[in-house]
Amino acid sequence: MTSAADQEGRAGDEPARSLRETGALAPAWAEAFRAVPRARFLPDLVWAYDMATGRSLPVSRTDDPEAWERAARANVPLVTQWDDGAHSGGTAPGTVATSSASMPSVVAAMLRDLDVNDGMRVLEIGTGTGWNAGLLTRRLGDGNVVSVEIDAAVAARARAALQRAGLGPEVVHGDGRDGWPAGAPYDRVIVTAGVRAVPSAWLAQTRPGGIVLAPWGTHYSDQDALVRLTVDEDGQASGRFLRMVEFMKLRAQRLDWDRFRAHVPAFPGDAEMSRTRLTLADLGDRYEPARFVAGLCVPDCAHVVNKRGDDAGKAWFFDLTSRSWAAVGFRGGEPGGTVHQSGPRRLWDEVERALAWWVERGRPGVDRFGLTVGPDGTTRAWLDRPADLLPAAAPT
């Protein structure tokens, strides 16, 4: 007779082997991935993200256990909570995904980049299902892992799942922005939510020479890029971006789109009109660096595109600090677009300059950019080395 432990071990073998073959899983993490399979931490109802269609599809362990097992082992993200727990739509997806089990390849690569050694203490921001905390605990031991989760129900489920798996990291219900000073200092901080500002508490709670690994981005788009910051003796941290990722945002740093309702009382109103030679494609797509770089160079700007086809639609830009806005309409088959701009900032002009700067430098990838974060949270972006700060897109 095959024991439950043997079955779970085999369930962890297949994903671990696949991740090793792709290079995402470092050898030092292979045993943890085999011994701590993702399935142990999943609820009976999950929503598997379909990479082809962009839809989240319900998978019920009760109704279809084989499909649930396949989803648990698959290299896809699984939504485990909608709308901060307010979702009551049964198996139908909610409005906003607010907790998930990340893609195993993303989890493995982040743990590889965290570069831990035996005996290190790790602070995790965003417990979620508890799987990532479980992997860290298997590798480092119960007393060396602290995980902070803002949602009380999510934290309770993760704590229970970890206990069932025989793992006992400290799971704290609290706001991850504050870290967990009671367990400091930490050798490593790993963040499993997209952030728009690195809280000073994370740097203060990290040992000099320690690392903060976080998905970081700007409000310009939903894009995140994984940044690996090394904290120095003065409490400042600096490091390069590694690659594009996409995470649910830290709850306190989500963008409230309702704040822009008063920006455009009537379109086009008093806006100035002009033309641009840029196309919708020039703005970049979901994982392309053009959008990320524009966000680095155009501060305090939110951007969204309403598409009506591959080369048609309207791009909107809103200032976070004033009522300035811009809109650029693109019509399929026509070169360039029609620009409307209003307010003290000419946001589209700033975006054009940022993209021109990027093109002139040979369209550098995200991994050539980096961040320096001061002890007070002040952030500066740079290209290739910290001394080469990005240009101010706004006119002086």
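Look up: the structure comes first, before these words.
Notes on the structure in this doc start here. (Residues numbered from 1 in each chain as written. Predicted model: local features only at pLDDT ≥ 70, side-chain atom pairs only at ≥ 80, totals over all residues. Heavy atoms only, no water.)

Another aspect to go through is the pattern of salt bridges. Here the structure, examined in full by the defined rule, presents 23 salt bridges. Note that Arg 243 is salt-bridged to Asp 113, the shortest N-O span being 2.6 Å. Placement of Arg 243 in strand E11 (residues 237–245) and of Asp 113 in helix H4 (residues 104–114) is noted, with a sequence separation of 130 residues between them. We classify Asp 113 as buried; its relative accessible area is 13%. Arg 385 is the partner of Asp 388 in a salt bridge, and the nearest nitrogen-oxygen pair spans 3.0 Å. (Salt bridge = Lys/Arg side-chain N within 4 Å of Asp/Glu carboxyl O. Helix = DSSP H or I, 4+ residues; strand = E, 2+ residues; numbered from the N terminus. Buried < 20%, exposed > 50% of the residue type's maximum accessible area, 1.4 Å probe, protein only.)

This brings us to the environment of Gly 194. Tracing the sequence through the fold places Gly 194 in the loop between strand E8 (186–191) and helix H7 (200–204). Overall, the relative accessible area of 1% leaves Gly 194 in the buried class. A C-alpha to C-alpha distance of 6.3 Å links Gly 194 and Asp 224, two positions 30 residues apart in sequence. Sequence-distant contacts of Gly 194, that is, excluding residues within four places in its chain, are made with Pro 215, Asp 224, Phe 247, Met 248, Lys 249 and Leu 250. (Contact = heavy atoms within 4.5 Å.)

Glancing now at the pairing of strand E13 (residues 301–307). Pairing between E13 and strand E14 (residues 313–319): seven bridges, direction antiparallel. Of the residues in E14, the one forming a bridge with Lys 307 is Gly 313. What sits between the antiparallel neighbours E13 and E14 is a turn of five residues, in which Gly 309 has the positive phi angle 140 degrees. (Pairing = 2+ DSSP bridges.)

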